[in-house]
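# Per-entry structural report
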Amino acid sequence: YMDWLGVWSNRKLQTCQCDTSVMISPEMFRDFVLDDLNSTYEYLDYGMYHLDGEEEIQHLDFLLKIEKLKVIQWIPSTRMNQPEYGDPLNWLELFKRIQDGGKSVLIYTPYERVDELMQKVDRSKVILDITCPDVTVARKTLLTLDRIGV
């Protein structure tokens, strides 16, 4: 199985999302979204959630309580190209909160941040999507990951 995020699994996998949740309160998220998410994840072997921007963080506590949700993908939404938002090192507290909640986190990162990022997150609960400009840099990045034991 492969879902729209490009994540592969040998079991049923799907990433759910509710981008409109940026416009609703946590109470409305609980009342109108949570049951659908739970139902979907019950069907799946490997559930993921697309957490799209800091406006959705208000719903994180509900997401962390979903037992069959395994991974939360973080993307800083429309502000991703702004350095303070796009740099994964600026979101370490969020990653820790997700990981402490028992979930893995899917992080998008430029290759320059891999070494430092992997020193600051729980490596057993992370999936990286690494941006490399060419094959040479990609190979060097793989060597870095090997060197640091990932």
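Residues numbered from 1 in each chain as written. Predicted model: local features only at pLDDT ≥ 70, side-chain atom pairs only at ≥ 80, totals over all residues. Heavy atoms only, no water.

## Structural notes on the packing of aromatic side chains
Two aromatic rings, taken as a pair, are described by how far apart their centres are and by the angle between their planes. Taken as a whole, this structure holds two aromatic pairs when the rule is applied. Residues Trp 74 and Trp 91 carry aromatic rings whose centres are separated by 4.8 Å and whose planes lie at 50° to one another, so their mutual orientation is tilted. Of the two residues, Trp 74 is situated in strand E3 (residues 69-75) and Trp 91 in the loop between helix H4 (83-86) and helix H5 (92-100); the sequence distance between them amounts to 17 residues. Like Trp 74, the residue Trp 91 is buried in the burial classification. (Phe/Tyr/Trp six-rings, centres within 6.5 Å; stacked < 30°, edge-to-face > 60°. Helix = DSSP H or I, 4+ residues; strand = E, 2+ residues; numbered from the N terminus. Buried < 20%, exposed > 50% of the residue type's maximum accessible area, 1.4 Å probe, protein only.)

## A word on the pattern of salt bridges
Applying the stated criterion to the full structure yields six salt bridges. The residue Asp 87 makes a salt bridge to Arg 113 at a minimum N-O spacing of 2.7 Å. Pair noted here: Asp 87 is in the loop between H4 and H5 and Arg 113 is in the loop between strand E4 (104-110) and helix H6 (114-120), with a separation of 26 residues, a long-range link. Asp 87 gets classed as buried once you look at its relative accessible area, which sits at 16%. Judged by its relative accessible area of 28%, Arg 113 is partly exposed. In this structure, the salt-bridge partner of Asp 115 is Arg 147, at a minimum N-O distance of 3.0 Å. (Salt bridge = Lys/Arg side-chain N within 4 Å of Asp/Glu carboxyl O.)

## Description of the nonpolar core
In terms of nonpolar packing, the biggest core is built from 33 residues, with Leu 37, Tyr 49 and Leu 63 touching the most fellow members. Going through the elements one at a time, helix H2 (34-43), strand E2 (46-52), helix H3 (60-64), E3, H5, E4 and H6 are the ones with two or more residues in this core. With four residues, the top contributor of residues to this core is H3. Every residue in contact with Leu 63, bar those within four places of it in the chain, is listed here: Phe 29, Leu 37, Tyr 49, Leu 51, Leu 69, Ile 72 and Lys 103. If you look at the next biggest cluster of nonpolar residues, it comprises nine residues, including Leu 13, Tyr 46, Met 48 and Ile 75. (Core = buried A, V, L, I, M, F, W, Y, C linked by side-chain atoms within 4.5 Å. Contact = heavy atoms within 4.5 Å.)

## A look at the side chain of Thr 109
Within the element layout of this structure, Thr 109 appears in strand E4. Residue classification places Thr 109 among the buried positions, given a relative accessible area of 2%. Not counting residues up to four positions away in its chain, the partners in contact with Thr 109 are Pro 88, Val 114, Leu 117, Leu 128, Asp 129, Ile 130 and Thr 131.

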